[in-house]
Amino acid sequence: MKNTLLGSIYLTLAASIWGGMYVVVKVVVAVIPPLELVWMRYLVAIVALLIIGFITRQKWRIEKRYFLLIIAIGVIGNAISIVTQETGTMLSTAQMGAIITSSTPAFMVIFARLLLKEQLTLKKWLSVCLATIGVFLIVGIGDVDLSSKLGGIALLIAALTWALMSVLVKRLPSDYSQIVVTTYSISVALIVLTPFVLPRLHAINISELTHPTIWGGLLYLGIVSTAGGFLLWNRGLQMLNASSGGIFFFFQPVVGTLLGWLILGENIGVTFWIGSILILTGVLFVMIEKK
C-alpha cells in the first residue's frame, strides 16, 4: 500500500512537470529558437544527470550489442521528437502541445505490435482511431490559423517519434539504470544537434538570456523537466505496473491546459475540448486493456 501511494505521487509529479513544460517552452522560445533550446536544455540535463549518477554510483557500462539501440533512442526520441515538440509548441498553443502529445500511449500500441509482436485487439484499434480523430479535430477543424496547423503537425510527429522511442526502450535489459540510459541517449542527441546549432548560436541575444524568466525556464527544462521528470516517472513505474502507471499520463494535458489558460491567457474552443475528450478516451482504452 505504501509503495502504491509513493509510486502514485512520483508519477503525478512527473506528469505534472511535463504538463507545465509546455507553458515554459512557450515563453522561452520567444528568445531561444526551438533547436537551440533543445541543445541548451540537454547540456543542463547532462550535467544534472552526471552529478546524480556519480553520487548514486551508477554502473555506466553498456554492452556493445545495445549501442545501436541507444543511438536510435537518442536520435528518434531525444532529438527528432523533442525538437518537433518544441517547434510545435512555439507555432501553436500550450494546450495543443499538451493534448496532442498525450496521444503518445495510443500510438505506442501500433509500434508495440510491429516491433514487439504484442497482440493488437479491437479495443486497442478503437483507442488509436479515437486518438487520431481527436488530433485531426484539434489540428484541422475550427478557427485555427496556418501557424497553429503547422504546429499541430509538428506535435503529431513528436508524439509518433516519442511513441516509437518508448517501444525501443523496452528492448533494453530491465536491469539497466534509467539514469545511465537517459544520460547516454541525451548525449547522442546532443552530438547529433551540435553541428546544426553551433552556427546559429550567434543569432541569440545574449542580454535576453540574463533575464530571470529565460534562464530560470532553461534550468526548469534541463533539470526539472528532463532530468527530474524522467527519474520520477521511471521510479514510479517501478512501484506500479505499467498499465496502472500510464493513467497518470493524463495529468500532463490537464496541467498544460490549465496553466496555458491561467498564465498565457490561451482560449479553449469547443472543437479543442471535443478532440481532447476523444484523445483521452482513446488513451484510457489503452491503459485499461487487460493483458
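About the thresholds
Residues numbered from 1 in each chain as written. Predicted model: local features only at pLDDT ≥ 70, side-chain atom pairs only at ≥ 80, totals over all residues. Heavy atoms only, no water. Core = buried A, V, L, I, M, F, W, Y, C linked by side-chain atoms within 4.5 Å. Buried < 20%, exposed > 50% of the residue type's maximum accessible area, 1.4 Å probe, protein only. Helix = DSSP H or I, 4+ residues; strand = E, 2+ residues; numbered from the N terminus. Contact = heavy atoms within 4.5 Å. 1 Å grid on protein atoms, 1.4 Å probe; cavity = no way out; pocket = protein on both sides within 12 Å on 5 of 7 lines; lining within 4 Å. Points joined across faces, edges and corners; volume = space filled by probe spheres on them. Expected span 1.5 Å × (residues − 1). Polar contact = N/O pair within 3.5 Å; in protein donor to acceptor, adjacent residues only side chain to side chain. Patch = residues over 30% accessible without salt bridge, like charges linked within 9 Å, V, L, I, M, F, W, Y side chains within 5 Å. Areas by Shrake-Rupley, 256 points an atom, 1.4 Å probe, with all protein chains shown as cover. Salt bridge = Lys/Arg side-chain N within 4 Å of Asp/Glu carboxyl O. Axes fitted to C-alpha atoms, helices over the stretch in contact; angles between N-to-C directions. Parallel < 35°, antiparallel > 145°, perpendicular 65-115°, else oblique. Left-handed = near helix turned anticlockwise from the far one by under 90°. Nonpolar A, V, L, I, M, F, W, Y, C, P; charged D, E, K, R; others polar.

By size, the foremost hydrophobic cluster in this structure holds 48 residues, and its most contacted members are I32, L37, Y42, L172 and L193. Going through the elements one at a time, helix 1 (2-28), helix 2 (34-55), helix 3 (67-91), helix 7 (146-169), helix 8 (178-197) and helix 10 (212-239) are the ones with two or more residues in this core. Per element, the largest residue contribution to this core is 10 residues, and it comes from helix 2. Not counting the four nearest positions on each side in its chain, L193 is found in contact with L35, V38, W39, A79 and V83.

For the rest of this paragraph, the subject is empty space enclosed by the protein. On inspection of all chains with the given rule, the structure shows 1 cavity of 30 Å³ or more. In this model, the largest cavity occupies a volume close to 200 Å³. Along its surface, the largest cavity is lined by 19 residues, and W18, M21, I82, Q85 and W162 are the ones closest to its centre. Those elements that provide at least two residues to the lining of the largest cavity are helix 1, helix 2, helix 3, helix 7 and helix 10.

Moving on to unusual backbone geometry. Positive phi values are uncommon outside glycine, yet R57 reaches one of about 55 degrees. With respect to the helices, strands and loops of the structure, R57 is situated in the loop between helix 2 and helix 3.

With that settled, consider helix 8. The terminal C-alpha atoms of helix 8 lie 27 Å apart, and with 20 residues this matches the ideal 28 Å at 1.5 Å per residue to within 8%. By the burial criterion, the buried members of helix 8 are I179, V180, V181, T182, T183, S185, I186, V188, A189, L190, L193 and V197. A side-chain oxygen of the first residue of helix 8 lies 3.2 Å from the backbone nitrogen of I179; this N-cap is S177.

Taken together, L5, L6, I9 and L13 make up a surface patch of nonpolar side chains, about 340 Å² in accessible area. The topology assignment puts L6 in helix 1.

Put simply, helix 2 and helix 3 touch, their axes get as near as 9 Å, and they point 125 degrees apart. Judged by the inter-axis angle, helix 2 sits oblique to helix 3. Handedness of the helix 2/helix 3 crossing: right-handed. Of helix 3, the residues touching helix 2 (which contributes P34, L35, L37, V38, R41 and Y42) are N78, I82, V83, Q85, E86, T87 and M90. Of the residues in the contact of helix 2 with helix 3, the class split is 8 nonpolar, 3 polar and 2 charged.

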